[in-house]
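What follows is the residue order along each chain.
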Amino acid sequence: MAFEPPVHWTAYEAPTETTTQLRPVRTRHPSRVLAAAVCVVFGLGLIGGAVTGSWLTGDSAADATAPTGYAEARGSWHSVPVDTLFPRTIEGNGAGPGGADRDWTRIAVAPDSNCANAFDPLLRKALAPVGCERLLRATYTDATTSSVITVGLLFTEAQAPAMRTLRTRFTGEGLAERLDLMPRSYPVDGTAAAGFGDRQRASWTVSVLTDAPVVVYAVSGFADGRIVTDPQPAEPAMVKGATTAPAQAGLGHEAKGIADRIERALRRTVAPVPETRR
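Definitions and cut-offs
Residues numbered from 1 in each chain as written. Predicted model: local features only at pLDDT ≥ 70, side-chain atom pairs only at ≥ 80, totals over all residues. Heavy atoms only, no water. Buried < 20%, exposed > 50% of the residue type's maximum accessible area, 1.4 Å probe, protein only. Helix = DSSP H or I, 4+ residues; strand = E, 2+ residues; numbered from the N terminus. Pairing = 2+ DSSP bridges. Salt bridge = Lys/Arg side-chain N within 4 Å of Asp/Glu carboxyl O. Polar contact = N/O pair within 3.5 Å; in protein donor to acceptor, adjacent residues only side chain to side chain. Phe/Tyr/Trp six-rings, centres within 6.5 Å; stacked < 30°, edge-to-face > 60°. Lys NZ or Arg CZ within 6 Å of the ring centre and 35° of its normal. Expected span 1.5 Å × (residues − 1). Arc of directions from axis to C-beta. Contact = heavy atoms within 4.5 Å. Core = buried A, V, L, I, M, F, W, Y, C linked by side-chain atoms within 4.5 Å. Disulfide = S-S within 2.5 Å. pLDDT = per-residue confidence, 0-100.

Time to look at the pairing of strand 4 (residues 134–142). When you tally the buried positions in strand 4, you get eight out of nine residues, the bulk of the element. Sheet analysis places strand 3 (residues 102–109) next to strand 4, joined by five bridges and oriented antiparallel. Looking at strand 4, one finds that Thr105 is bridged to Thr141.

Next up on the list: the pattern of salt bridges. Taken as a whole and judged by the stated rule, the model has 14 salt bridges. With its nearest N and O atoms 2.8 Å apart, the salt bridge here joins Arg226 to Asp224. Arg226 gets classed as partly exposed once you look at its relative accessible area, which sits at 42%. When salt bridges that share partners are traced, they join Asp120, Arg184, Asp198 and Arg201 into one network.

A separate point is the side chain of Arg267. Position of Arg267 relative to the elements: it lies in helix 9 (residues 251–270). On the accessibility criterion, Arg267 (14% relative accessible area) is buried. In terms of polar contacts, Arg267 uses its side chain to reach the side chain of Asp211, at 2.6 Å. In terms of polar contacts, Arg267 uses its side chain to reach the side chain of Glu263, at 2.5 Å.

Time to look at the environment of Thr168. Note that Thr168 resides in helix 6 (residues 160–172). In the structure, Thr168 is positioned 42 residues away from Thr210 in sequence and 10.0 Å away in space, judged by C-alpha atoms.

Below, the discussion takes up the packing of aromatic side chains. Inspection of every chain in the model, using the stated rule, returns one aromatic pair. Aromatic side chains Phe119 and Tyr217 sit 5.6 Å apart centroid to centroid with 70° between the ring planes, which places their arrangement in the edge-to-face category. Here Tyr217 lies in strand 7 (residues 214–222) and Phe119 lies in the loop between strand 3 and helix 5 (121–127), a separation of 98 residues in the sequence. Comparing Phe119 with Tyr217 shows no difference in burial state: the two are buried. The ring of Phe222 is capped by Arg226, whose NZ or CZ atom sits 3.9 Å from the centre of that ring.

Along an α-helix, a turn takes 3.6 residues, which lines up residues three or four apart on a common side. In this model, helix 6 (13 residues) spans 18 Å end to end at C-alpha, consistent with the 18 Å of a helix rising 1.5 Å per residue. Residues Ala160, Met163, Leu166, Arg167 and Phe170 constitute the buried set of helix 6. Each buried residue of helix 6 lies within a common arc of 125° when the element is viewed along its axis, so the set occupies one face. Those residues of helix 6 that are exposed and aimed more than 90 degrees away from the buried face are Thr165, Thr168 and Gly172. In this fold, the buried residues of helix 6 make contact with helix 3 (70–74), helix 5, strand 6 (203–208) and strand 7. The positive-phi residue at the C-terminal boundary of helix 6 is Gly174, with phi of around 65°.

Right, let's talk about the nonpolar core for a bit. Formed by 30 residues in total, the largest nonpolar core has its most connected members in Phe119, Leu127, Phe170 and Val215. Of the residues forming this core, the biggest block, four residues, is contributed by helix 6. For Phe119, the residues in contact, after removing those within four places along its chain, are Arg124, Leu127, Leu135, Leu154, Arg184 and Tyr217. Counting 28 residues, the second-largest nonpolar core is a separate cluster that includes Trp77, Leu209, Val214 and Ala218.

Before going further, it helps to examine the state of the cysteines. Scanning the model with the defined rule gives one disulfide in all. Paired by a disulfide, Cys115 and Cys132 hold their sulfur atoms 2.1 Å apart. Taking the torsion about the S-S bond as the criterion, the Cys115 to Cys132 disulfide, at about 70°, is right-handed. Of this pair, Cys115 sits in the loop between strand 3 and helix 5 while Cys132 sits in the loop between helix 5 and strand 4, placing them 17 residues apart in sequence.

Right, let's talk about the confidence of the model for the chain for a bit. Low pLDDT means the predicted atomic positions in that stretch should not be read closely. With 72% of its residues at a pLDDT of 70 or more, the chain has an overall mean of 79. Contacts from residues 1–66, a stretch scored under 50 in pLDDT, to residues over four places away or in other chains number 60 contacts.

Below, the structure written as structure tokens:
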């Protein structure tokens, strides 16, 4: 992936994305082309026979395999351009309180990292069963520069069964809404997120995917660096009539809106198999 050393900007970013130069394709000899075609047909026949056999016999090994594209999704953290996973700007049509439109601008991208110091201890423990292949993070601000939001993509080492187990645990035990399992922010000096630390976290959301080995999360706060004494998960903060500071400021909508759109972009890129949502 086109991740580079830590970068941040005070307003809109300067272009940083690079792409791999394609190698020229050499002209093939007709006889080689014919031989290759025969091999492909023969190979497809073998694969088709193997797949049909597993369907007819109910092979348990076939049932245990990960969804199509699972392995490709795991490696996409270094093969997909950063602007694809974390767009420079995100449109949130209807994502704000009362269905208002929102727009967010990326102000920083963290260098890809492991998960050693990226999560509070209890959240790190909760995520430990699926492992940490790589963690990607970016921080956004809204159009008024009054709120800041860090969104993260944790690419796990797990296969589909472990991801389903983790998803069941997060939903069944309400782990995504526990205050002591709130994700950490990514503050960046010289930007609107300079003061966005642990005590400034206001609202958050965590989504464990099962059609890709990824955990998507987002955490929001005030851009002025104020301390938040009553953080609230995104879902209850988005309920009409909620009176907490995060709810009144629309910070639940900010976290949920960005997380949902980053998740959709990820699925379009690396996980084409649809998932049955809650």
